Amino acid sequence: MRTGAIAWADVTASPVYLDAATAAPLHPVARQALLAALDDGWADPDRLYSPARRARRLLDAAREATAETLGVRPDELSFTSSGTSAAHTAVLGGLRGRRRAGDVLVHSAIEHSAVLYAAQQHVTGGGRAVEVPVDRLGRLDLDRWSTAVSGAGVASATLIAASHEVGTVQPVEAAAAACTRVGVPLYVDAAQVVGRMPVPPGWSVLTASARKWGGPAGVGLLVVRKGTRWESPWPTDERESGRTPGTLNLPAVVAAAASLRATATDAVAQATRLSSLVDRIRARVSAEVPDVEVVGDPVHRLPHLVTFSCLYVDGEALLHALDRRGFAVSSGSSCTSATLRPSHVLEAMGVLSHGNVRVSLHTGSTEAEVERFLTELPGIVAELREQAGVVGL
Amino acid sequence: MSAPDAVLDCLGQRCPLPVIALARRLPELPVGAVLRVLADDPAAAVDVPAWCRMRQQEFLGDAPGPGYDVRRTH
Ligand SMILES: Cc1ncc(COP(=O)(O)O)c(C=O)c1O
């Protein structure tokens, strides 16, 4: 089989890629489907000639497969041009569909920036937003959430399924129940969850991003359950049930759908494998790197992601030092961001924000890679501390 | 808010420098003394309390400056 010829080793030989939460390496099945769809799926699926009909069949099949994996109806699912645009559409469409109920958006303090930017636009336009805090582990304060969604004029509520920065899984089912009690639709940003673990029930709108599960960048999913008061915030055309205007990148959509199905089939085994590697990272980093804070919920967490902060270390310097040794990680430290603000997630949790490293694993991550990382990390941190003259502080 | 026993000016410094300066200065003060760290890097608002937690020192709260008051407890 063609898939077999494309080994993970080709994709991840060097450096050791530990940033799957940003983008997982392209799944071999995605590559294969993408190449095939470049030949078969370039025509516009809305036209009536035979290449167009072929493209239509590919799109329909992609939608059916993806809907089946998610356990939703195909007509509830729209493809979008990224997880970000799906999130924008979900937030703004939820507010628009319920504008007669009110103008308040309830959201957690640890949403992805895509959600927060949409919320910001809503507020700039005269709307209101209520932010619900999390505890030190990054878990939603359910009492405050219930109070917030029961408030006057709440149009919709938004909760990330699991934190993309610290991995803490959110109490989606309980949060959804609180919304249901007061008739507020819940939008769940499931970008880090879809393809890895089941999404808890109770939501009305859901989004995801293909590059997180090994699909290509530039494909998002937007699901709007039947009966949800939701209205597209964009000028509407006939495509994607009127939820995503413009032409889709069909080959990328086909690749996203094929890789989601492959990833989901293997999800339980991968989650078990990666989760034990993450347990190892959590334990060894705590034990072998002095003055480190491993953050996020150690139990109720994503299987593939762990975040820690090293006291007195500049996050950007750490990132570059790791890169020089062949490790690709990301960081929530302000020192690395253009905004000069610490990660709003670490800030909301009240945990150390500098010297921050997020490690996230993918299907191709091996035990040997994790071991190499764990073996080299203490020395790299020690060297940076020595250079900064902060040893023994 | 009572006056601090000492003030550490870290205005204009980027993280993690204010926390490093705090870690150097606090042990020079007697146990029980209050040090005010002036720092306008937004990360200091998170990192000064986090440092206090990790080092079992007492974080007293925000102060004008923007600043943060820390009491040496041991
Ligand atoms: C939780 C979450 N939501 C939304 C997004 C945005 O997805 P995309 O990168 O496809 O725009 C991401 C990834 O960046 C994410 O982690």
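Keep in mind that what you see is a predicted model, and the values were worked out from it rather than measured. (Residues numbered from 1 in each chain as written. Chains lettered and ligands numbered in written order. Predicted model: local features only at pLDDT ≥ 70, side-chain atom pairs only at ≥ 80, totals over all residues. Heavy atoms only, no water.)

K.L.:
Even after reading the chapter, I still don't get the interface of chain A and chain B, so can you show me in this structure?
P.N.:
Accessible area lost during the coming together of the parts is what is often quoted as the interface size. Taken together, the contact pairs 24 residues of chain A with 17 residues of chain B. Overall, the association of chain A and chain B removes approximately 1,700 Å² of surface from exposure, summing both partners, and the carbon and sulfur fraction of that is 60%. Between Arg 55 of chain B and Asp 291 of chain A there is a salt bridge, with the nearest N and O atoms lying 2.7 Å from each other. For the side of chain A that touches chain B, the elements supplying multiple residues, two or more each, are β9 (292-295) and α12 (344-349) of chain A. Partitioned by chemical class, the residues of the side of chain A that touches chain B number 13 nonpolar, five polar and six charged. (Contact = heavy atoms within 4.5 Å. Buried area = accessible area lost by both parts, 1.4 Å probe. Salt bridge = Lys/Arg side-chain N within 4 Å of Asp/Glu carboxyl O. Helix = DSSP H or I, 4+ residues; strand = E, 2+ residues; numbered from the N terminus. Nonpolar A, V, L, I, M, F, W, Y, C, P; charged D, E, K, R; others polar.)

K.L.:
Help me understand helix α5 (residues 83-97) of chain A, please; the structure alone is not making it clear to me.
P.N.:
For an α-helix, 3.6 residues make a turn, and residues three or four places apart therefore share a direction. Residues and elements named next belong to chain A. Compared with the 21 Å implied by 1.5 Å per residue over 15 residues, the 21 Å span of α5 between its first and last C-alpha is a close match. Taken as a whole, α5 has its buried residues at Gly 83, Ser 85, Ala 86, Ala 87, Thr 89, Ala 90, Val 91, Leu 92, Gly 93, Gly 94, Leu 95 and Gly 97. Where α5 begins, the capping side chain belongs to Ser 82, and its oxygen is found 3.3 Å from the backbone nitrogen of Thr 84. (Expected span 1.5 Å × (residues − 1). Buried < 20%, exposed > 50% of the residue type's maximum accessible area, 1.4 Å probe, protein only. Polar contact = N/O pair within 3.5 Å; in protein donor to acceptor, adjacent residues only side chain to side chain.)

K.L.:
How should I be thinking about the packing of helix α11 (residues 315-324) of chain A against helix α13 (residues 367-388) of chain A in this particular structure?
P.N.:
Two packed helices can be described by the angle between their axes and the distance between those axes. Residues and elements named next belong to chain A. The geometry of α11 relative to α13 is characterised by a closest axis approach of 10 Å and an angle of 135° between their N-to-C directions. When the axis of α11 is compared with that of α13, the two are oblique. The crossing of α11 and α13 is right-handed. Of α13, the residues touching α11 (which contributes Ala 317, Leu 318, Ala 321 and Leu 322) are Phe 373, Leu 377, Ile 380, Val 381 and Leu 384. (Axes fitted to C-alpha atoms, helices over the stretch in contact; angles between N-to-C directions. Parallel < 35°, antiparallel > 145°, perpendicular 65-115°, else oblique. Left-handed = near helix turned anticlockwise from the far one by under 90°.)

K.L.:
Honestly, the domain arrangement of chain A in this entry has me stumped. Any pointers?
P.N.:
All names here are of chain A. When the domains of chain A are assigned, the result is domain 1 (28-264) and domain 2 (267-388). Here the C-alpha centre of domain 2 lies 28 Å away from the C-alpha centre of domain 1. Across the boundary between the two partners, domain 1 contributes 25 residues, which contact 25 residues of domain 2. Taken together, the two surfaces of domain 1 and domain 2 that pack against each other cover about 2,000 Å², and 58% of this comes from carbon and sulfur. On inspection of domain 1 and its partner domain 2, the count reaches zero salt bridges. (Domains from an automatic or database assignment.)

K.L.:
Would you mind showing me how to read the pairing of strand β4 (residues 67-71) of chain B here?
P.N.:
Walk down a regular strand and you will see the side chains alternate between the two sheet faces. Residues and elements named next belong to chain B. In terms of residue burial, β4 counts as a mostly covered element, since four of its five residues are buried. Judged from the five bridges that link them, strand β3 (residues 58-63) and β4 form a sheet pairing that is antiparallel. Within β4, the residue paired with Ala 63 across the bridge is Gly 67. The antiparallel hairpin formed by β3 and β4 contains three residues in its connecting segment, where Gly 65 sits at a positive phi of about 155°. (Pairing = 2+ DSSP bridges.)

K.L.:
Can you help me understand the layout of surface pockets in this one?
P.N.:
Remark: the empty space left among the atoms is shown by a probe the size of a water molecule rolled over them. All names here are of chain A. The calculated volume of the largest pocket comes to roughly 1,000 Å³. In this structure, the largest pocket is lined by 45 residues; those nearest its centre are His 112, Ser 113, His 164, Glu 165 and His 344. Within the residue set of the lining of the largest pocket, elements represented by two or more residues are α5, α6 (113-124), β6 (186-189), β7 (205-209), α12 and β12 (356-360). Ranked by the residues each element gives to the lining of the largest pocket, the list is headed by α6, at five residues. Per-class residue counts for the lining of the largest pocket are 15 nonpolar, 22 polar and eight charged. Looking at the lining of the largest pocket, you find at least three residues from each of domain 1 (28-264) and domain 2 (267-388). There is about 420 Å³ of room inside the second largest pocket. Among the elements of the structure, α4 (50-70) and α10 (267-288) are those that each provide at least two residues to the lining of the second largest pocket. Sorting elements by how many residues they give to the lining of the second largest pocket places α10 first, with four residues. When grouped by side-chain class, the residues that make up the lining of the second largest pocket number 17 nonpolar, four polar and three charged. Composition of the lining of the second largest pocket by domain shows at least three residues from each of domain 1 (28-264) and domain 2 (267-388). (1 Å grid on protein atoms, 1.4 Å probe; cavity = no way out; pocket = protein on both sides within 12 Å on 5 of 7 lines; lining within 4 Å. Points joined across faces, edges and corners; volume = space filled by probe spheres on them.)

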